[in-house]
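Architecture at a glance
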Amino acid sequence: MKIAILAPIAWRTPPEKYGPWEQVASNITEGLVEKGYDVTLFATANSITKAKLEWACKLPYEEDKENDPKVVECLHISHLMEQAGRFDIIHNHFDFLPLSYSGLIKTPIITTIHGFSSPKMIPVYKKYNNSTSYVSISDSDRSDELDYLATIYHGLDPNNFTFRKEKENYLLYFGRIHPHKGAHAAIEIAKRAGFRLKIAGLIQDEGYFNSKIKPFIDNKNVEYLGNVGPETRDELLGGAKALLHPIFFEEPFGLSVLEAMMCGTPVIAFKRGSMPELITEGISGFLPINISEAILAIKTLDKIDPKICRDYAVKKFSLETMINNYIEAYRTVIQNRSIK
């Protein structure tokens, strides 16, 4: 089976720091290569992979501001589609734009829908609903207007995350700095619970950061560590008493939730979106519905065994499980296309 993986090009694959879609595309690519599949990754030229690398964009457009995102996206997608006949299947991680090629090529496309940034994009998915295959990343993120081949949860390699049984006396917020992700709520939760809070992540909304986060940063009770890479991420997640994830939107997934649990660190997340699918109460974290309940959850963190938390994450969200599920999905799509 010859597989093409189409990654986004906002960031490198895998990302040096932030870039969840690129990270998932990388995890799948490397996992397939390890199993002996013939894989070609379409990503930026500076990407790192054991697969064959094809590129039309030298640097990610979030790093090279000389690039026009729409132009390089067009070149990137067409670079794959013009040689689609080389592959048995195309795995699209680039949202809805590549679907517009699906009626022009013979190679089947399977699209992992990483979330809907706006309901305005649904008509494109609906147009190609009968000619392509969609995978949801959680049951909660499915649209009633679309058909799905499967729900496949993201998976991680446990070897990339250090288990730490003994935790330090701080709470952690790890994610992009945006009102939807609730860093301001994490500050209030930590303050009222009497814990230090460390914050790490990409500042995606400068106005929000300057007005709701920055005034509380004193490098004693609240510390902002910037947009950190894998090594610092592993250290922060492993040492935290808990990851605070007080989201204010229906989050499709949440890689940091898995990453924390892989380190044996429980997660306290507002009960919205995919969180009930990722977290089991009392085993890997808690699912409060508001700040007051989150504070109460902190008081019961000692009831969670870090080893059981990690074992839960490894069993349910391993890279191996994700790769096997995608291989099964590829075979189904290819077989269905041959029947047609």
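Check the entry above for the structure.
Because the structure is predicted, anything quoted here is derived from the model rather than measured.

For the pair helix H4 (residues 183–193) and helix H5 (residues 206–213), interaxial distance at closest approach is 10 Å and the crossing angle is 20°. In terms of axis orientation, H4 runs roughly parallel to H5. Crossing handedness for the pair H4 and H5: right-handed. Two secondary-structure elements touch here, H4 through Ala183, His184 and Ile187 and H5 through Tyr208, Lys212 and Ile213. Classifying every residue of the contact of H4 with H5 gives 4 nonpolar, 1 polar and 1 charged.

A separate point is the packing of aromatic side chains. Across all of its chains, the model carries 12 aromatic pairs by this definition. Summarising the aromatic geometry, the rings of phenylalanine 253 and phenylalanine 317 are spaced 6.4 Å apart at their centres and angled 85° between planes, so their arrangement reads as edge-to-face. Linking phenylalanine 253 in the loop between strand E11 (242–245) and helix H7 (255–262) with phenylalanine 317 in the loop between helix H10 (306–316) and helix H11 (319–339), this pair joins segments that are 64 residues apart in sequence. Comparing phenylalanine 253 with phenylalanine 317, the two get one shared label, buried.

Below, the discussion takes up the pairing of strand E4 (residues 89–92). Neither face of E4 is exposed, since Ile89 and His91 on one face and Ile90 and Asn92 on the opposite face are all buried. Summarising the sheet, strand E1 (residues 2–6) and E4 pair through 4 bridges and their orientation is parallel. Residue leucine 6 lies in a different strand from E4, and its bridge partner there is asparagine 92. One ladder, built from 3 bridges, connects E4 with strand E5 (residues 109–113); its direction is parallel. Bridge pairing in E5 places histidine 91 opposite isoleucine 110.

Residue proline 14 is bonded to the preceding threonine 13 through a cis peptide linkage, with omega at -10°. Residue placement: proline 14 occurs in the loop between E1 and helix H1 (20–34). With a phi close to 70°, aspartate 95 is a non-glycine residue in the positive phi region. Relative to the assigned elements, aspartate 95 resides in the loop between E4 and E5. The buried category is assigned to aspartate 95, whose relative accessible area is 17%. One non-glycine residue, asparagine 219, lies in positive phi territory at about 60°. Along the polypeptide, asparagine 219 turns up in the loop between H5 and strand E10 (222–224).

Turning next to the side chain of threonine 111. With respect to the element layout, threonine 111 can be found in strand E5. At a separation of 3.1 Å, a polar atom in the side chain of threonine 111 contacts the side chain of asparagine 92. Not counting residues up to four positions away in its chain, the partners in contact with threonine 111 are Asn92, Asp95, Leu99, Tyr125, Ser133, Tyr134 and Val135.

A sheet is described by the order of its strands in space; here 7 strands give the open sequence E3-E2-E1-E4-E5-E6-E7, paired in parallel fashion. Here the strands that pair on one side only, and so sit at the sheet edges, are strand E3 (52–54) and strand E7 (150–151). Running at roughly 165° to E1, H1 makes contact with E1, strand E2 (38–42) and E4 of the sheet. On top of the sheet, helix H2 (residues 69–81) reaches E1, E2, E3, E4 and E5; it is set at about 170° to E1, its chief contact.

Conventions and cut-offs
- Residues numbered from 1 in each chain as written.
- Predicted model: local features only at pLDDT ≥ 70, side-chain atom pairs only at ≥ 80, totals over all residues.
- Heavy atoms only, no water.
- Axes fitted to C-alpha atoms, helices over the stretch in contact; angles between N-to-C directions.
- Helix = DSSP H or I, 4+ residues; strand = E, 2+ residues; numbered from the N terminus.
- Parallel < 35°, antiparallel > 145°, perpendicular 65-115°, else oblique.
- Left-handed = near helix turned anticlockwise from the far one by under 90°.
- Contact = heavy atoms within 4.5 Å.
- Nonpolar A, V, L, I, M, F, W, Y, C, P; charged D, E, K, R; others polar.
- Phe/Tyr/Trp six-rings, centres within 6.5 Å; stacked < 30°, edge-to-face > 60°.
- Buried < 20%, exposed > 50% of the residue type's maximum accessible area, 1.4 Å probe, protein only.
- Pairing = 2+ DSSP bridges.
- Polar contact = N/O pair within 3.5 Å; in protein donor to acceptor, adjacent residues only side chain to side chain.

That's the geometry; what it means functionally is another story.
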